[in-house]
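Spelled out from the first residue to the last, the chains are:
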Amino acid sequence: MKNILVTGAAGFIGSNFVRRALKLKSDWRIVALDALTYAGNLENLKGLKESYKERYAFVKIDIRDKNGVFNLFKQEDFDGVIHFAAESHVDRSILGPLQFVETNVLGTVNLLEGARKFFKNEECRFLHISTDEVYGALGDKGAFTEETKIDPSSPYSASKAASDLFVLSYFKTYRLNCVITRCCNNYGPYQFPEKLIPFMIKRAIDGEPLPVYGDGRNVRDWIFVDDHNDGTILAFEKGNKGEIYNLGARCEKRNIDLVKLLIEKLKVFLKDRKGFKEPEIAFVKDRPGHDFRYAMDPSKAERELGFKPKVSFEEGIDLTVKWYIENEGWWRRIISGEYLEYIEKQYAKR
Ligand code: NAD
Ligand code: TYD
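Computed from a prediction, not measured in an experiment: that's the story for all the values here.

Conventions and cut-offs
Residues numbered from 1 in each chain as written. Chains lettered and ligands numbered in written order. Predicted model: local features only at pLDDT ≥ 70, side-chain atom pairs only at ≥ 80, totals over all residues. Heavy atoms only, no water. Near = heavy atom within 4 Å. Polar contact = N/O pair within 3.5 Å; in protein donor to acceptor, adjacent residues only side chain to side chain. Helix = DSSP H or I, 4+ residues; strand = E, 2+ residues; numbered from the N terminus. Nonpolar A, V, L, I, M, F, W, Y, C, P; charged D, E, K, R; others polar. Buried < 20%, exposed > 50% of the residue type's maximum accessible area, 1.4 Å probe, protein only. Pairing = 2+ DSSP bridges. Core = buried A, V, L, I, M, F, W, Y, C linked by side-chain atoms within 4.5 Å. Contact = heavy atoms within 4.5 Å. Expected span 1.5 Å × (residues − 1).

A. Representation of the site of ligand 1 in the model. Around ligand 1, the structure places 30 residues, and the nearest of them are Ile13, Asp34, Ser88, Tyr156 and Lys160. One of the side-chain nitrogen or oxygen atoms of Thr37 is found 3.0 Å away from an oxygen atom of ligand 1. Here an oxygen atom of ligand 1 and a backbone polar atom of Gly40 are 3.4 Å apart. Elements represented by at least two residues in the shell around ligand 1 include exactly helix H1 (12-24), strand S2 (28-34), strand S5 (125-131), helix H6 (155-174) and strand S7 (185-187). Of the residues contributing to the shell around ligand 1, the split by class is 16 nonpolar, ten polar and four charged.

Below is the structure:
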């Protein structure tokens, strides 16, 4: 049995990862770590202890707490770390960057130190989950490769780029067995309703206008969360030490087209719901430093890892919209005091 630490396990991608990995990898025991910030939710991991018993454990630890991290490494004798934990929302990083430095940079270095000091041999692997946003913005043409210069625009992407550089330095300096994946925008069940897709679904259901930043022509490259997580497992098992792998599904959409598609889907799925009205789009003040376009070239992961996304955008969007409709209780329980304060700060004066 391999003993794997998964950080950020109660968040969107992390919780989908833990569920999927426990199902697919019967020789893995997973220690799911999370600090349970506003974005972490134990409900996302519900039922796993009952289903997987000793193959699953949850620990509440903040990765900014070096002693907490070190004690866990001492106790557990990990064979690997898959590091998802992060402050992940660009708009929040613009409102308050410091937390992003603390968790994304310092927290990552605490985990790297834990791995350096306590991994028993060089087979033990540290997989760092990063993002296409470290490359900055593209114009109308081209796509990011692993050779593209990092050029982050937001405090979020700057903190992720800094953490990537620390991971690479641990490979170069200490020969720690590190791999980095950089993925494009994810969507799917359990995404916190501040990110574009679940936010628009929530607003549409609640009859609120849909705030599109700028003219809506910015482009994002989308992947269904399970496809990202399959790529994560491949990179963990087959990636070469010290290498970076871009993950993506070659699925670019302009924000405005995506929002219009969501409206069409909701109109179909909610046609019988009493009081549901066609949502209105409101063009609002642009995000400062808003990257124009992201597009990933995943050729290296396809070639070297056998990475191949399986879920089409049409299929994934239908599944996601239906999930948010059927799991209204899940997101209603999240939109509490802190959420409302954030929405007020972010959208009230736009
Ligand atoms: P999320 O915000 O939904 O989840 C992050 C999780 O990390 C939460 O459960 C939170 O409680 C936990 N966390 C935050 N600070 C912590 C701390 N100090 N100690 C321990 N846990 C802490 O984010 P997500 O969308 O699931 O993203 C997961 C990872 O994937 C991040 O590293 C992010 O940069 C990366 N990523 C995300 C996307 C995307 O589209 N969402 C795309 C590419 C890469
Ligand atoms: P987001 O989900 O925040 O992801 P990221 O900025 O990390 O790519 O936003 C996706 C795109 O949608 C981005 O171009 C900003 C835009 N956007 C809006 O137009 N309105 C919104 O209310 C939000 C949250 C995002």
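B. Fine view of the environment of Lys117. Within the secondary structure, Lys117 is located in helix H5 (residues 98-118). Between the C-alpha atom of Lys117 and that of Phe73, which follows or precedes it by 44 residues, the distance is 8.7 Å.

C. Focus on the pairing of strand S8 (residues 210-213). Because side chains alternate across S8, one face comprises the buried residues Leu210 and Val212, and the other comprises Pro211 and Tyr213, equally buried. As paired strands, S8 and strand S12 (residues 281-284) are joined by four bridges and run parallel to one another. When the sheet's bridge partners are listed, Tyr213 is paired in S12 with Val284.

D. The arrangement of the nonpolar core in detail. In terms of nonpolar packing, the biggest core is built from 71 residues, with Ile82 and Phe126 touching the most fellow members. A total of six residues in this core trace back to one element, the largest contributor, which is H1. Contact partners of Ile82, with chain neighbours within four places excluded, come to Ile4, Leu5, Val6, Thr7, Phe17, Trp28, Leu127, Ile129, Thr232 and Phe236. Ranked by size, the runner-up nonpolar core spans 37 residues in total, among them Tyr187, Trp222, Cys251 and Leu258.

E. Spatial organisation of helix H11 (residues 313-326). Taking 1.5 Å as the rise per residue, H11 with 14 residues should run 20 Å; its terminal C-alpha atoms sit 20 Å apart, in good agreement. Within the span of H11, buried status applies to Phe313, Gly316, Ile317, Thr320, Val321, Trp323, Tyr324 and Ile325. Buried residues belonging to H11 abut S7, helix H7 (196-205), strand S9 (219-224), strand S11 (252-254), helix H9 (255-269) and helix H12 (328-334).

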